[in-house]
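# Coordinates in review
If you want the building blocks of each chain, they are given just below.
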Amino acid sequence: VKSPTIVRVLFSKVVNPRVDDLVVLGAGTAALNPFTTTAAATPQPERARFTVVTTATTTALKTAALTASVRLTDGAVTFTDAAGRTILAETPGGHVMTPATVQGEHTFHVQQRWQGNDGESLYGLGQRQEGKLDLKGYDLDLWQRNMVVDIPFLVSSRGYGILWDNTSPGKF
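Residues numbered from 1 in each chain as written. Predicted model: local features only at pLDDT ≥ 70, side-chain atom pairs only at ≥ 80, totals over all residues. Heavy atoms only, no water.

## Considerations on the pairing of strand β4 (residues 77-81)
Across the five residues that make up β4, a large majority, four, are buried. Between strand β3 (residues 66-71) and the antiparallel strand that follows it, β4, lie five residues; glycine 75 among them carries a positive phi value of about 80°. Direction of pairing for β4 relative to strand β5 (residues 86-102): antiparallel, over a ladder of three bridges. Looking at β5, one finds that phenylalanine 79 is bridged to leucine 88. (Buried < 20%, exposed > 50% of the residue type's maximum accessible area, 1.4 Å probe, protein only. Helix = DSSP H or I, 4+ residues; strand = E, 2+ residues; numbered from the N terminus. Pairing = 2+ DSSP bridges.)

## Section: the pattern of salt bridges
Summed over all chains, the structure comprises two salt bridges. When the shortest N-O distance is used, the salt bridge between aspartate 74 and arginine 71 registers 2.8 Å. With relative accessibility at 35%, the residue aspartate 74 sits in the partly exposed group. For aspartate 81, the salt bridge identified is with arginine 85, shortest N-O distance 2.9 Å. By relative accessible area, aspartate 81 is classed as buried at 16%. A relative accessible area of 55% places arginine 85 in the exposed class. (Salt bridge = Lys/Arg side-chain N within 4 Å of Asp/Glu carboxyl O.)

## Description of the sheet that holds β3
Spatially, the six strands line up as an open sheet ordered β1-β2-β3-β4-β5-β6, and their pairing is antiparallel. Only two strands of the sheet have a single partner each, and these edge strands are β1 (51-54) and β6 (105-114). Strand after strand, the sheet turns through a mean of 20° between neighbouring axes, direction not considered. Across four bridges, the pairing between β1 and strand β2 (residues 58-62) is antiparallel. Each bridged residue has a counterpart across the sheet, and for valine 52 the counterpart in β2 is leucine 61. (Axes fitted to C-alpha atoms, helices over the stretch in contact; angles between N-to-C directions.)

## Topic: the pairing of strand β9 (residues 149-156)
Bridge analysis of strand β7 (residues 122-127) against β9 gives five bridges, and the strand direction is antiparallel. Residue glutamine 127 lies in a different strand from β9, and its bridge partner there is valine 149. Direction of pairing for β9 relative to strand β10 (residues 161-163): antiparallel, over a ladder of three bridges. Its bridge partner being in β10, leucine 154 is matched across the sheet by isoleucine 162. Connecting β9 to the antiparallel partner β10 that follows it, the hairpin turn spans four residues, and glycine 159 within it adopts a positive phi of roughly 100°.

## Digging into the sheet that holds β10
Note on sheets: strands pair through backbone hydrogen bonds, and any given pair is parallel or antiparallel. Pairing is antiparallel across the open sheet formed by three strands, whose spatial order is β7-β9-β10. Edge positions in the sheet fall to β7 and β10, since each has one partner strand and no second. Here the strands of the sheet are splayed against their neighbours by 25° on average, with no regard to which way each runs.

## Some details on the confidence of the model for the protein chain
In the predicted model, the protein chain carries a mean pLDDT of 79, and the fraction of residues at 70 or more is 80%. Between the elements of the protein chain, mean pLDDT differs from a low of 70, seen in strand β11 (residues 170-171), to a high of 93, seen in β1. (pLDDT = per-residue confidence, 0-100.)

## Overview of the environment of phenylalanine 172
Relative to the helices and strands, phenylalanine 172 resides in the segment after β11. Taking C-alpha positions, phenylalanine 172 is 8.9 Å from leucine 135, a pair spaced 37 residues apart along the chain. Residues within four places of phenylalanine 172 in sequence aside, it is in contact with Leu122, Leu125, Leu135, Tyr138, Asp139, Leu140, Leu142 and Leu154. (Contact = heavy atoms within 4.5 Å.)

## Some details on the side chain of serine 121
Within the fold, serine 121 resides in the loop between β6 and β7. Among the polar contacts made by the side chain of serine 121, one reaches the side chain of aspartate 134 at a distance of 3.0 Å. Serine 121 has contacts with Asp134, Val155, Ser156 and Ser157, leaving out every residue within four places of it along the chain. (Polar contact = N/O pair within 3.5 Å; in protein donor to acceptor, adjacent residues only side chain to side chain.)

Okay, here's the thing in structure tokens:
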């Protein structure tokens, strides 16, 4: 949990995966910006408060603004706002990790699918040449190449964003 509105969800086949820290800079965090000269005694941001509630069917991490729920039967993730309205939910069977060997290294092919929302537009994913602003409904390859700079961050017209924290080539 990075803030009441920023939660990192990790899906892994390994019980204790190696992960890097996720650094978030935004309004009110100028003192944390490494490109800004600040005094040596910089106040640290307050840790986000959250609770974890487990029932027979789900485990939910709740902040003041957001709930991230994981269904225990299949691991499906749903994000809801403080009023319980769905922000984003995985489709049934929406995440898959298939064992693979790539250049002699044992790894996984990863797939994740989310339910679309009517009237929603999706923006981002870097510098592209297709001439499309709203990317919803398009099939795009996500890998660096001449004149295409992929940034795996997607912003919705509904006010949420997704960082696909995966360095492998992918599809949207």
